[in-house]
Amino acid sequence: MNNYMLHLLQRKQRMGLDEKYMREALAEAVAASEADEIPVGAVIVCKGRIIAKGHNMTEMLHDPTAHAEMIALTAATEYLGGKYLNDCTIYVTVEPCPMCAAALCWAQIGKIVYGCQDPKRGYSLFTPSLLHPKTTVTHDILEDECSTMVRNYFLGKRK
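Bear in mind the structure is a predicted one, so any value in this text is a computation, not a measurement. (Residues numbered from 1 in each chain as written. Predicted model: local features only at pLDDT ≥ 70, side-chain atom pairs only at ≥ 80, totals over all residues. Heavy atoms only, no water.)

Asks: Can you tell me about the pairing of strand 4 (residues 111–116), naming the residues and giving the values?
Replies: The buried fraction of strand 4 amounts to six of the six residues, a majority that puts the element mostly inside the structure. Pairing analysis gives five bridges linking strand 3 (residues 88–94) to strand 4, with the strands arranged parallel. Considered in strand 4, the bridge of Val-92 is made with Tyr-114. Where strand 4 meets strand 5 (residues 136–139), four bridges bridge the pair, whose relative direction is parallel. (Buried < 20%, exposed > 50% of the residue type's maximum accessible area, 1.4 Å probe, protein only. Helix = DSSP H or I, 4+ residues; strand = E, 2+ residues; numbered from the N terminus. Pairing = 2+ DSSP bridges.)

Asks: Pulling in residues and values, what's your account of the side chain of Thr-135?
Replies: Relative to the elements of secondary structure, Thr-135 occurs in the loop between strand 4 and strand 5. Engagement of the side chain of Thr-135 in a polar contact is seen with the backbone oxygen of Ile-109, the distance being 2.6 Å. Ignoring any residue separated from it by four or fewer positions in sequence, one finds Thr-135 in contact with Ile-109, Gly-110, Lys-111 and Ile-112. (Polar contact = N/O pair within 3.5 Å; in protein donor to acceptor, adjacent residues only side chain to side chain. Contact = heavy atoms within 4.5 Å.)

Asks: Please provide a residue-by-residue account of the state of the cysteines, values included.
Replies: Tallying each qualifying case throughout the model produces zero disulfides. Not part of a disulfide, Cys-105 finds its nearest cysteine sulfur in Cys-100, a span of 13 Å. Distance from the sulfur of Cys-116, which forms no disulfide, to the nearest cysteine sulfur (Cys-146) is 5.5 Å. Its relative accessible area of 6% is what places Cys-116 among the buried residues. (Disulfide = S-S within 2.5 Å.)

Asks: Quick rundown of the packing of aromatic side chains? Include the residues and the values.
Replies: Using the criterion set out here, one finds three aromatic pairs in the structure. Their ring planes at 85° and their centres at 6.4 Å tell us that Tyr-114 and Tyr-123 sit as a pair that is edge-to-face. Judged by centre distance (5.2 Å) and plane angle (85°), the ring pair of Tyr-153 and Phe-154 falls under edge-to-face. The class for Tyr-153 is buried, based on a relative accessible area of 14%. (Phe/Tyr/Trp six-rings, centres within 6.5 Å; stacked < 30°, edge-to-face > 60°.)

Asks: Lay out the environment of Leu-80 with the relevant residues and their values.
Replies: Checked against the element boundaries, Leu-80 lands in helix 3 (residues 68–80). Note on Leu-80: relative accessible area 38%, which makes it partly exposed. Put simply, Leu-80 and Ile-51 are 29 residues apart on the chain and 8.4 Å apart in space, counted from C-alpha to C-alpha. Ignoring any residue separated from it by four or fewer positions in sequence, one finds Leu-80 in contact with Ile-51, Leu-85 and Cys-88.

Spelled out as structure tokens, the structure:
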């Protein structure tokens, strides 16, 4: 097998894993929606294993910082017993906000994979980047499912 074919095969396998873990994040988003929270979910994976999950809990905890990423980040660092997540990937249904991106920067997360962009409040609106320089990003994984969930939540609120 030539290098190009090997690259395509590896890319397909990565995409399959990204979709698998994004579906886990979507399940967390459903839990948020069922609790009447904005439906954002996150999971953190380390060495092929989910080590933390979270969904928005700002209403339940009366805490504006209780975003899905922050809940998962706290659980992951507790699980690993340290504050750095260099070998971890966070899967989150919506592009992280600046607060969450900065927290992920401080944790030195290895990779961020998100479902849909947040054109009004996403971290990518800011220059220079709020992420750690070594963090890699993949986006638009299961974008339709992720964006539909958020859109439907807000449409329901406006009725």
